[in-house]
Amino acid sequence: MALIAFWVLALALSPLIFAEPSLGTGTTQYHETRSSIPTGFKLLGSADPAQSLTLTFGLAQNDEEGLIDALYDVSDPASPNYGRHLSKAEVETFVAPKPAAVDAPVNAWFAKNNMTDSVPLSPTGDWVEFSISVEQASELFSANFSKFKDARGGGEMVRTMAYALPEELQGHVAFVHPMVSFDSPAGFGSSKRVFDHATPGVANGDTPPACVNGTTPGCLQFIYGIPAVPAVNKDNQLGVTGMQGGVAGYSFLETFLETYRPDIDPATNFTVVGIDGGSNNQSLPSISEGNLDIQYTVGVATGVPIVYVFVGTQNQDGPFRGWLDEVNYLLAQENPPKVMTTSWGAFQESSFSQPVTERLCQAYAQLGARGVSFLVASLDEGVGCSPTNGSNFEATFPSNCPYVTSVGGTDNYTPETAWFASSGGFTNYFPRAPNQSSAVGAYLAQHGGPDSANAGRYNASGRGFPDVALHATQYPVFEAGEWFLLEGTSAASPVLASMIALANDRLRSAGRPPMGWLNPLLYSQRGREVVGDVVEGNSSVVCADSEGDSEAPRGFEAVRGWDPVTGLGTITFEGLLALAGL
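These numbers come from a predicted model, not from an experiment.

1. Observations regarding helix H9 (residues 354-369)
For H9, with 16 residues, the first-to-last C-alpha span of 22 Å sits near the 22 Å given by 1.5 Å per residue. Among the 16 residues of H9, 15 are classified as buried, and the element is accordingly described as predominantly covered. At the C-terminal side of H9, glycine 371 shows a positive phi close to 95°.

As structure tokens, then:
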């Protein structure tokens, strides 16, 4: 039985009785509803009517379906327009708000209700932020606001279980955020795990000589055929997402390069771009994620200019905590990095409502249409645990988005096997992408039947992830005078991004466009021929309260073809070049 998403749009609710807070009674045409308070959140009582709320409108766009059609048109290798990526201006014509929505109804509504502080958050103005009191919001949106606390260590928040759109905004406003979204700061972070202090020289019989010191740049060059020859095009940038706590040390990088890349200048560095007050301040402590990401992009993508997009805490996007701000920054650039990798993000899919998640995901589609490959670590949660039913699986953001490439993790070297914590599964929000139909359909036909071990615990019709996987364990990282071995899909994503950036360099030299959104290419017949299938291992992380429970979800097995642990499998640099037609 497929899981059902919590979000219902434009649902006419008959009188229903819920535990406080209630949806109310009557026949109000609610725009979004939530059926229950998520696990981990505690109801504190009614919200103070005088409290100020910061809300965001997602305005109706000019042609959102046309954007997705255009994305596929330039990304599908079977299309005659493959590689003819759109310009910034061309993308913006699709997503700009319909003039009729802004010029009359929305601005008139703001004026009518004495709201003069509305601010556009995105380059085209399709996200608009404004302030309003709880009392006024309750009246205008037919909502009952309550105060909640995240019992897992987060702060208090004001939310409602349902809201309606004023009649004059219907058809012009797609959603109001974060009315029914329950984000958890306690669950947000990087996907990196500290494994142990590095112990160079320890190997077993299955470890290649190049990997006796762990998964070093030299090891990665050996197992994936990554070239050590420097890239030559200085406008071919690779972007790395950094967030609070992810300081990357300049001196740490120098030591790392001296140790594991003695063939290049140890003074090789990276550029930092700060948004939301972000700064790679060397006096601040780090949780190692920044050092991992930078050491394995600078140290693997030889000669490629690395841009560290560091997101601070002065977020303009509220509960998104910088995710929307980062993508809006990238969209505002005429020439954003053609590859982005992020190893951050532990939002459960249901943290945000479906229409909000769809709009944020669409922002990645905008980047893809412009030729940007956006990679994300699939995270280290195994199948993920539903906040409402611990026996069901739940996808994570942003891997649930079909317009990013989700990178899972492998372990061992010869052969590579599935890493036990590699996150993967199926989303409740997004249908299976057309390019996945054959690969994911074949998996479900063989392993997703009603008698399978995890039947009924996931939405078999949803987008499957990860898309591919690379090695995720035994990464030596230097920090504060010590070597550590780190593990996580947060290591796999920067390595794949480095490989793509090196392939883009060759494409650039040949006068050809970058690889762009990868998924249609990866799932094509050609793509499935060049990936290295991973057929051993499984994802075996279980929920914290499920140890010893024989009925608890036990994850997925790595099998022939695509699977929800390692995706299609691993890919070598030679395979990438073949995909690129080089």
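Text resumes after the structure shown.
2. A few points about the nonpolar core
Formed by 76 residues in total, the largest nonpolar core has its most connected members in Leu220, Leu238, Leu496, Met499 and Met515. If one sorts the elements of this core by residue count, helix H11 (residues 489-509) sits on top with eleven residues. Residues contacting methionine 499, with those up to four places away along its chain left out, are Tyr224, Ile226, Leu470, Ile571, Thr572, Phe573 and Leu576.

3. A look at unusual backbone geometry
Note on backbone geometry: most residues besides glycine have negative phi, and most peptide bonds are trans. That bond from phenylalanine 397 to proline 398 is cis: its omega, 5°, falls within 30 degrees of zero. With respect to the secondary-structure elements, proline 398 resides in the loop between strand E19 (396-397) and strand E20 (405-411). Looking along the chain, the bond that leaves phenylalanine 465 and enters proline 466 is cis, with omega of 5°. Here proline 466 shows up in the loop between strand E23 (462-465) and strand E24 (468-471). One non-glycine residue with positive phi stands out, namely asparagine 114, at about 60°. Here asparagine 114 lies in the loop between helix H3 (99-112) and strand E6 (119-120).

4. Considerations on the pattern of salt bridges
Opposite charge on two side chains lets them pair, provided their charged atoms get close. According to the stated counting rule, one finds six salt bridges in the structure shown. Among the ionic pairs, aspartate 126 bridges to arginine 359, the shortest N-O distance being 3.5 Å. With aspartate 126 in the loop between E6 and strand E7 (127-133) and arginine 359 in helix H9, this residue pair connects regions lying 233 residues apart in the sequence. Look at arginine 359 and you get buried, because its relative accessible area is 5%.

5. Section: the sheet that holds strand E9 (residues 156-160)
Here three strands make up an open sheet; going across it, the order is E4-E8-E9 and the pairing antiparallel. Lying at the two open borders of the sheet, with one neighbouring strand each, are strand E4 (41-46) and E9. Going from strand to strand, the sheet's axes swing by 40° on average, the running direction of each strand aside. Both strand E8 (residues 145-150) and E9 contribute to a ladder of five bridges, which runs antiparallel. By the bridge assignment, phenylalanine 148 is partnered in E9 with methionine 157.

Here is what the cut-offs are and how they apply
Residues numbered from 1 in each chain as written. Predicted model: local features only at pLDDT ≥ 70, side-chain atom pairs only at ≥ 80, totals over all residues. Heavy atoms only, no water. Helix = DSSP H or I, 4+ residues; strand = E, 2+ residues; numbered from the N terminus. Expected span 1.5 Å × (residues − 1). Buried < 20%, exposed > 50% of the residue type's maximum accessible area, 1.4 Å probe, protein only. Core = buried A, V, L, I, M, F, W, Y, C linked by side-chain atoms within 4.5 Å. Contact = heavy atoms within 4.5 Å. Salt bridge = Lys/Arg side-chain N within 4 Å of Asp/Glu carboxyl O. Pairing = 2+ DSSP bridges. Axes fitted to C-alpha atoms, helices over the stretch in contact; angles between N-to-C directions.

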